[in-house]
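For reference, the chains in residue letters:
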Amino acid sequence: MLGKAFGLRKKRKKDTADKGAAPANPSVAPIGNISKMLNSSGRIALQTLQQMTQVYEKPEFIRFMRQPALIGSSIQAGSFANPARTSSDEVNRTIIFEMDAAEEATSASETLKHAIYPLVTREYVSGARASFSIGRVGGNDMIMPDLAISKQHAFIEIQRGNYLIRDVNSTNGTTVNGKRVQKKPKQIQDGDIIGFARYEFSFLFPESLFDMLQGS
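Residues numbered from 1 in each chain as written. Predicted model: local features only at pLDDT ≥ 70, side-chain atom pairs only at ≥ 80, totals over all residues. Heavy atoms only, no water.

Moving on: the overall build of the chain. Scanning the chain for helices and strands turns up six helices and 14 strands. For the chain, the proportion of contacts with a sequence separation of at least 24, taken over those separated by at least 6, is 59%. Summed over its atoms, the accessible surface of the chain is roughly 12100 Å², and 49% of this surface lies on carbon and sulfur atoms. (Helix = DSSP H or I, 4+ residues; strand = E, 2+ residues; numbered from the N terminus. Contact = heavy atoms within 4.5 Å. Areas by Shrake-Rupley, 256 points an atom, 1.4 Å probe, with all protein chains shown as cover.)

Here's what the structure looks like:
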């Protein structure tokens, strides 16, 4: 579907240039639907977004994304408590991850660099408020199948352009710029580093994501 959309988009640009008309109005919504491009974990392919920045102008890309995204950035050094416990009772239990304060976060693996999760909720929510869920199991909007992540780990509440993150009593916690989120929701901004257990993500608004993708 995406290839067809790109083809139509390029044809429209060519036709416009041939006729000497003005560029397409950036307020017109681009072709496609981002929710249909997510995999079962809520991720979108890095290559897909990179291709989009070559086809769409920044205003169109922003309109298409609509919401910020979480971009994999680094993994905290540390170890799991009691890693040898693998009984059937332990398989579905979150394992405590102990961070090593003496070590810095390691660079993101290639897999994590490709982990891009747009804030797209799985169910249509009417009104000005929506909630984006992060967790280890199905039913969350962002699924991270790692035993350091709780089944239901955190929520990001979307309120009229504001974004508030709330930890859901997770085993290994949620952080914003290295500080642990307590019971009270914490407002997050473009460029903040959000941590779920040992994983860290950059929280980027569509315009910042566009710039990052063009520079990658």
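Turning our attention to the pattern of salt bridges. Scanning all chains against the criterion turns up three salt bridges. The salt bridge involving Lys58 is made with Asp211; its shortest N-O contact spans 2.9 Å. One end of the pair, Lys58, is in helix H3 (residues 58–65); the other, Asp211, is in helix H6 (residues 206–215), and 153 residues separate them in sequence. Classification of Lys58 as partly exposed rests on a relative accessible area of 29%. For Asp211, a relative accessible area of 43% gives the class partly exposed. As a salt-bridge pair, Arg198 and Asp146 come within 2.7 Å of each other at their nearest N and O atoms. Of the two residues, Arg198 sits in the loop between strand S13 (193–196) and strand S14 (199–204) while Asp146 sits in the loop between strand S7 (142–143) and strand S8 (154–159), which places them 52 residues apart along the sequence. Comparing Arg198 with Asp146, the two get one shared label, buried. (Salt bridge = Lys/Arg side-chain N within 4 Å of Asp/Glu carboxyl O. Buried < 20%, exposed > 50% of the residue type's maximum accessible area, 1.4 Å probe, protein only.)

Okay, H6 next. Within H6, burial applies to Pro206, Leu209, Phe210 and Leu213. When H6 is viewed along its axis, its buried side chains cluster within an angular range of 105° and face the same direction. (Arc of directions from axis to C-beta.)

Let us now look at the environment of Gln50. Along the chain, the position of Gln50 falls in helix H2 (residues 46–55). Each C-alpha atom of the pair Gln50 and Gly215 lies 9.7 Å from the other, and the pair is 165 residues apart in sequence.

All right, on to unusual backbone geometry then. If you check the backbone angles, Asn169 has positive phi at about 55° while not being a glycine. With respect to the helices, strands and loops of the structure, Asn169 is situated in the loop between strand S9 (162–167) and strand S10 (174–176). Non-glycine residue Ala197 carries a positive phi angle of around 55°. Tracing the backbone through its elements, the reader meets Ala197 in the loop between S13 and S14. Judged by relative accessible area, Ala197 falls into the buried class, the value being 7%.

Now for H3. Since the α-helix turns once every 3.6 residues, residues separated by three or four places project in the same direction. Those residues of H3 that sit buried are Glu60, Phe61, Phe64 and Met65. All buried residues of H3 project into a common sector of 130° when viewed along the axis, lining one side. One or two residues past the end of H3 sits Arg66, with phi positive at roughly 70°.

The next subject is the nonpolar core. Residues Leu70, Met142, Met144, Ile156, Phe196 and Phe201 are the most contacted members of the largest nonpolar core, which totals 25 residues. Only strand S1 (69–75), strand S6 (129–135), S8, S9, S13 and S14 provide two or more residues apiece to this core. The contacts of Ile156, once residues within four sequence positions are left out, are Leu70, Leu119, Ala130, Ser131, Phe132, Ile134, Tyr163, Leu164, Ile165 and Ile188. (Core = buried A, V, L, I, M, F, W, Y, C linked by side-chain atoms within 4.5 Å.)

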